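Examining the three-dimensional arrangement
Here is how the chains run, residue by residue.
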Amino acid sequence: MKRFDRIHQALMELNPLHFDLKDESHRHAGRAGTESHFRIRVVSDVFEGVSRPERHRKVHALLQ
């Protein structure tokens with residue numbers, strides 16, 4: 001399974017209201033053909049009242 005697909009599947013655990021995942025690997029030198037850089041935007045009720053650093057920790061925990 002591709003990294004893009006694994007990220008998408010893992011973040012569905014957040015039951016997102018809005019989800020945007022983009023592979024931006026092609027924009028980084030020497031990274032053509034790899035899956036190394038992604039831009040993720042997730043809007044979820046899970047994040048309500050949660051600080052930005054804690055949101056990042058939750059996302060990173062799901063991606064471990």
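The coordinates are above.
Quick look at the structure, then. (Residues numbered from 1 in each chain as written. Predicted model: local features only at pLDDT ≥ 70, side-chain atom pairs only at ≥ 80, totals over all residues. Heavy atoms only, no water.)

1. A look at the layout of surface pockets
Considering only enclosed or pocket space, the largest pocket measures out at about 570 Å³ in volume. Taken together, 15 residues form the lining of the largest pocket, with Ile40, Arg41, Val42, His56 and Val59 sitting closest to its centre. Of all the secondary structure elements, the ones that give two or more residues to the lining of the largest pocket are strand E2 (38–43) and helix H2 (52–63). Broken down by element, the residue count for the lining of the largest pocket peaks at 6 residues, all from H2. Broken down by class, the residue content of the lining of the largest pocket amounts to 7 nonpolar, 3 polar and 5 charged. (1 Å grid on protein atoms, 1.4 Å probe; cavity = no way out; pocket = protein on both sides within 12 Å on 5 of 7 lines; lining within 4 Å. Points joined across faces, edges and corners; volume = space filled by probe spheres on them. Helix = DSSP H or I, 4+ residues; strand = E, 2+ residues; numbered from the N terminus. Nonpolar A, V, L, I, M, F, W, Y, C, P; charged D, E, K, R; others polar.)

2. Looking at the pattern of salt bridges
Under the criterion given, the structure shown has 3 salt bridges. Residue Lys22 is joined to Asp20 by a salt bridge in which the shortest nitrogen-to-oxygen separation is 3.7 Å. Judged by relative accessible area, Lys22 falls into the partly exposed class, the value being 42%. A salt bridge links Glu24 to Arg39, with the shortest nitrogen-to-oxygen separation between them at 2.9 Å. With Glu24 in the loop between strand E1 (18–23) and E2 and Arg39 in strand E2, this pair connects stretches of sequence that are 15 residues apart. (Salt bridge = Lys/Arg side-chain N within 4 Å of Asp/Glu carboxyl O. Buried < 20%, exposed > 50% of the residue type's maximum accessible area, 1.4 Å probe, protein only.)

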